[in-house]
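What follows is the residue order along each chain.
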Amino acid sequence: MRGSPLIRALIAFLVLLVLGWPLWNLTHAPAKQPSPVVPAVSAETPLKMVALQLTFTTVPSRLKILHLGKEVWAQAVSAQDVEVELQLPYPEKGIDLQFEIAWPGDALAAMRVKLSDPAGTEHEKTLWGRGEVNDVLAFP
């Protein structure tokens, strides 16, 4: 038998220990502090006029539009075409509008939303559902 098995085992253990430390540092990154949450719309974003054209397949009994969790328009709708002008903060990246709609009955119904942004560009989205629908549409 050449050499001592005990010395070989000790050397192998030391080599693994020396190589293990950098490997452990590479695979376990230090915990970073979470970056602070910045609101999408700051208080400095000016209010701008946004025009909405709403077209329904079935006239809803109730419609509410929310922006950032705040109600900006609500009304009982009596026609299939509705035009609304809202004054909202409109950043360059666009806005998200939440629509709460109550359609009578259980039939499938739809709403088409045409949004004209402050630059005059039209964006079109649709929303489908049965009964009460609560959904968010993003307009770039």
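Attention in this report is confined to the structure presented alongside it. This one's a predicted model, so the numbers in the text were calculated from it and none came from an experiment. (Residues numbered from 1 in each chain as written. Predicted model: local features only at pLDDT ≥ 70, side-chain atom pairs only at ≥ 80, totals over all residues. Heavy atoms only, no water.)

The sheet built from four strands is open, its strands ordered β4-β1-β6-β7 with antiparallel pairing. Two strands in the sheet have a free side with no partner beyond their single neighbour: β4 (81-89) and β7 (122-129). The sheet shows a mean angle of 25° between the axes of neighbouring strands, taken without regard to direction. Taken together, the six bridges between strand β1 (residues 47-56) and strand β6 (residues 109-116) define a ladder with antiparallel strand orientation. Residue pairing for β6: F56 is matched across the bridge by M111. (Pairing = 2+ DSSP bridges. Helix = DSSP H or I, 4+ residues; strand = E, 2+ residues; numbered from the N terminus. Axes fitted to C-alpha atoms, helices over the stretch in contact; angles between N-to-C directions.)

Right, let's talk about the sheet that holds strand β8 (residues 132-139) for a bit. Ordered in space as β3-β2-β5-β8, the four strands form an open sheet in which the pairing is antiparallel. The outermost strands of the open sheet, each flanked by one partner alone, are β3 (70-75) and β8. Between one strand axis and the next, the sheet turns through 20° on average, direction left out of account. Pairing between strand β2 (residues 62-67) and β3: five bridges, direction antiparallel. Within the sheet, the bridge partner assigned to H67 lies in β3 and is K70.

Topologically, H123 is positioned in strand β7. Relative accessible area serves as the criterion here: at 16%, H123 is assigned to the buried category. A distance of 3.1 Å separates polar atoms of two side chains, one belonging to H123 and the other to D117. Side-chain polar atoms of H123 contact the backbone oxygen of P140, separated by 3.1 Å. Every residue in contact with H123, bar those within four places of it in the chain, is listed here: Y90, V113, K114, L115, D117, F139 and P140. (Buried < 20%, exposed > 50% of the residue type's maximum accessible area, 1.4 Å probe, protein only. Polar contact = N/O pair within 3.5 Å; in protein donor to acceptor, adjacent residues only side chain to side chain. Contact = heavy atoms within 4.5 Å.)

Further remarks concern the nonpolar core. Here is a general trend for soluble globular proteins: nonpolar side chains tend to be buried in one another's company. Counting 26 residues, the largest nonpolar core has L54, L63, L97, F99 and M111 as the members making the most contacts within it. Within the residue set of this core, elements represented by two or more residues are β1, β2, β4, β5 (95-102), β6 and β8. Sequence-distant contacts of L97, that is, excluding residues within four places in its chain, are made with L52, I65, L66, H67, L88, L115, D135, V136, L137 and F139. (Core = buried A, V, L, I, M, F, W, Y, C linked by side-chain atoms within 4.5 Å.)

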